[in-house]
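As a plain string of letters, each chain reads:
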Amino acid sequence: MACRWNLLVLVLCLSLGTVLSKRCPPGFTSEGQICIDTDECDEFNYIGQCGDNARCLNTVGSYFCQCVDGFRSTKGNVNFSAETSEKCKDINECDDSTICGPNAKCSNQIPHYYCTCESGFISGVEKFQNSDNVTCGDICKIDKTICGNGTCHRGATGHYCACHAGFTNYGNKESRCTELKCDEFKDMNILSTFPIAHDLLMQLKKTCLELTNNETSTFDFVGEDILERLLSVIDKYLSSGAFNDNRKVSTFLDLVENALRLTGAFIKTPKTNKSFKYTELEMLVRKGSDIPKGAVNLSSKHAQVDMQWETAAGDPSLYPGFAAVSLLTYRTLEEFANGFFSGMKPQENESFKLNSKVVTVTVSNRNTSRLEKPVQLNFKHLEELNKNHTCVFWNSSEHGGSWSAEGCSVVESNLTHTVCSCNHLSSFAVLMALYDIEEQYKFQLQLITWVGLSLSLVCLFICILTFWLIRSIQSPRTTIHLHLCITLFIATLIFLAGISRTENKVGCAVVAGLLHFFYLAAFCWMCLEGIQLFRMVVLVFNANLKTRYMMAGGYGVPALIVAISALANAKGYGTKEYCWLNLDSIWGFFAPACIIIFINIFFFLITVWKLAQKFSSLNPDLDNLQKIKTFTITAVAQLCVLGTMWIFGSFQFSKGTIAMSYLFTIFGSIQGIMLFVMHCLFSKQVREEYGNILSRCCAPRKSYSEFSYNSKAHASKSSQDTGESHI
């Protein structure tokens, strides 16, 4: 009995142990007393057991693999286990020759495929699949405009265009046929001088006619060879100077533009650069069925062009299968094309002159009279002058040929370059505006100048003799006047003798440098007079400037300024019209002159202020103060006379300056006369000395003792330097 109970207890224990130790089957996980399915395809559990190009699919207690779209199992099974050796490989849909339909070809790609129409057929879409329900039709039947002005045919390799008479696709048989006018090469009178030029034009015309008159002809047209010959002909014409009127210039430029446009279609290399003695060419060519896009830049030593390829290609519906753009720079054409400005509208007293090289810009697009996107041209100036510049093009229809600014505008301009924007293409250049004085005014101004300066020379010479030889009036102040008159005398003499002698550049530069020095020296001596008057009023002792200081200030300062200016810009001395500073260096004179004038004004104001204080003091020295007052008034008047001339001179750099020219000439011509009047004729002491000199010359000769007594008496009377001037 006991044995049975023991057996029962053992069974119960084993049953309880089995329940307590229960395990979940494969594919499940235990959570407490429950077994839950394991998702082997979950991103946390999936470890790539299905392999590449396959996806994992979970089932209860297990999972299986399937190939993704475009792939199939190596054993052909749709579902397979990861434990097998099956892999997914790409399905080549193009093995089915009918998958794309008729007139189409299949291109396999991983994991899919695409269909495209065969050459000579179109579908309306570039790529498609069988499920898209797309068919390819004959391009000649579907697109009636594909050949433009030509007949479309379908060949073994696709379609080709047979152009009608007067139209061409430049040998690109699949491209549209566009109009080509061969009449552009009929006017050959201008080239009758050179047989080689005549032969070249005959070949261009023959080629043009062959392009437009035969639908199926093929020919060997070497664009590079024609380009070489064209530039050679241009060189011969520019070297011979065969242009003597604007009509020849017009014919020449038109022929060059048409020849470059025709030749560009047969240039094989994408970029061509050629440089001859009188020309410089850069040409870019893009070929293909796709219209080129983006920016294009061409440049030479004297110009640069920026445009878009879309401008060169033109209307997409007329695209001939290529796009070409060229920049041709003429090195001497500006000499022959200068002076033809009937298309311009000058203002009063305004004239024009070319200040850049002439360039021709051509593109394969023949409709360039009104561009959607303007082209930009950057010109280098021939003369670096601060003038108003205008962007122009050569208009062959304007009075036989003329420069015109229509459609062109200045984007920016500085001393060395001008940037232009034009909404059409042609031959371009940059004009600078010159504001010349009319001939009638020139003669009158020259007459005033010669007469006035001649009188000024005489007056300045008398002043020099007066301040140098009459000892009774000599003082530091008269020393300043003496050197002021000397500098103005030399400057006036150099001006009369050499201001217009521009034929020798070195000599002209020397004349300009001397004028720069002596005119600045005159301003410096004026400044020294202002300082001397200031010292006479403010200082009681040592009021006079020492001679060595005056020489350093009167001649050393201007010499230093001229030396610095010449070292900084040696080319700034001498212009094409006058031996004077050009606009680049003019501030080497005007800046110091303005500074000196302001310094003088400062000292004069201080002097007048101090004089007013001393006049109002309890015990003023009226005689001495009256003398200094008179000196100050004279010095201010002198500053006005000499300074006013250069104020009017500053207006000579702009237009409409006839009145200013007269004022500048008059004040410049009478400077010497005014100095003689102010410092000699208005001075009582100087007048007395003149009277004594005249009386000695006219009166009977006296004995030596009497003359000696009178001289000593007069010298004693004038021992003090009054220099009084009654104005």
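Residues numbered from 1 in each chain as written. Predicted model: local features only at pLDDT ≥ 70, side-chain atom pairs only at ≥ 80, totals over all residues. Heavy atoms only, no water.

Asks: Got a sec to walk through the sheet that holds strand S6 (residues 79–80)? Specific residues and values, please.
Replies: Hydrogen bonds between backbone groups are what pair the strands of a sheet, and the pairing can be parallel or antiparallel. Read from one edge to the other, the open sheet built from three strands follows the order S3-S4-S6, with strand pairing classed as antiparallel. Sheet topology places strand S3 (54–59) and S6 at the edges, where each strand pairs with a single neighbour. Direction of pairing for S3 relative to strand S4 (residues 62–67): antiparallel, over a ladder of six bridges. Within S4, the residue paired with leucine 57 across the bridge is phenylalanine 64. (Pairing = 2+ DSSP bridges. Helix = DSSP H or I, 4+ residues; strand = E, 2+ residues; numbered from the N terminus.)

Asks: Provide a residue-level description of the sheet that holds strand S26 (residues 408–413), including the pertinent values.
Replies: The five strands lie next to each other as S18-S19-S23-S27-S26, forming an open sheet whose pairing is antiparallel. At either end of the open sheet lies a strand with only one pairing partner, and these are strand S18 (295–299) and S26. Here the strands of the sheet are splayed against their neighbours by 20 degrees on average, with no regard to which way each runs. Both strand S23 (residues 375–380) and strand S27 (residues 417–422) contribute to a ladder of six bridges, which runs antiparallel. Counterpart to lysine 380 in the pairing with S27 is histidine 417. (Axes fitted to C-alpha atoms, helices over the stretch in contact; angles between N-to-C directions.)

Asks: Describe a nonpolar patch on the surface, with residues and values.
Replies: A cluster of nonpolar side chains, contributed by Phe461, Leu465, Trp468 and Leu469, occupies part of the molecular surface with about 430 Å² of accessible area. Examined against the element boundaries, phenylalanine 461 turns out to sit in helix H8 (residues 439–469). Its relative accessible area of 43% is what places phenylalanine 461 among the partly exposed residues. (Patch = residues over 30% accessible without salt bridge, like charges linked within 9 Å, V, L, I, M, F, W, Y side chains within 5 Å. Areas by Shrake-Rupley, 256 points an atom, 1.4 Å probe, with all protein chains shown as cover. Salt bridge = Lys/Arg side-chain N within 4 Å of Asp/Glu carboxyl O. Buried < 20%, exposed > 50% of the residue type's maximum accessible area, 1.4 Å probe, protein only.)

Asks: I'd like a description of the pairing of strand S22 (residues 358–363), backed by residues and values.
Replies: Counting buried positions along S22 gives six out of six residues, so the element sits mostly inside the fold. Alternating positions in S22 separate into two faces, Val358, Thr360 and Thr362 on one and Val359, Val361 and Val363 on the other, with burial throughout. Pairing analysis gives six bridges linking strand S20 (residues 322–330) to S22, with the strands arranged antiparallel. Across the sheet, residue serine 326 finds its bridge partner in S22, namely threonine 362.

Asks: Give a description of the packing of aromatic side chains that names residues and reports values.
Replies: Scanning the model with the defined rule gives nine aromatic pairs in all. With centroids separated by 6.4 Å and ring planes inclined at 25 degrees, the aromatic side chains of phenylalanine 517 and tyrosine 555 adopt a geometry described as stacked. Taken together, the residues span a long stretch of sequence, with phenylalanine 517 in helix H10 (residues 505–538) and tyrosine 555 in helix H11 (residues 547–568) at a distance of 38 residues. The exposure class assigned to phenylalanine 517 is buried, which follows from its relative accessible area of 17%. For tyrosine 555, a relative accessible area of 21% corresponds to the partly exposed category. Judged by centre distance (5.4 Å) and plane angle (70 degrees), the ring pair of tryptophan 525 and tyrosine 555 falls under edge-to-face. Of this pair, tryptophan 525 sits in helix H10 while tyrosine 555 sits in helix H11, and the two are 30 residues apart along the sequence. (Phe/Tyr/Trp six-rings, centres within 6.5 Å; stacked < 30°, edge-to-face > 60°.)

Asks: Could you give me a rundown of the state of the cysteines, with the residues and numbers involved?
Replies: Disulfide: a covalent bond formed between the sulfur atoms of two cysteine residues. In total, this model carries 13 disulfides according to the counting rule given. Disulfide pairing places cysteine 94 opposite cysteine 106 at an S-S distance of 1.9 Å. A torsion of -70 degrees about the S-S bond marks the disulfide between cysteine 94 and cysteine 106 as left-handed. Of this pair, cysteine 94 sits in the loop between strand S7 (88–90) and strand S8 (104–108) while cysteine 106 sits in strand S8, and the two are twelve residues apart along the sequence. Overall, cysteine 94 belongs to the partly exposed group, its relative accessible area being 22%. Sulfur-sulfur distance for the disulfide between cysteine 408 and cysteine 422 comes to 2.2 Å. Across the disulfide from cysteine 408 to cysteine 422, rotation about the S-S bond amounts to roughly 115 degrees, and the bridge is consequently right-handed. Here cysteine 408 is found in strand S26, whereas its partner cysteine 422 is found in strand S27, with 14 residues between them in sequence. Residue cysteine 422 is classed as buried on the basis of its relative accessible area of 1%. Between cysteine 680, a free cysteine, and cysteine 463, which holds the nearest cysteine sulfur, the sulfur-to-sulfur gap is 3.8 Å. (Disulfide = S-S within 2.5 Å.)

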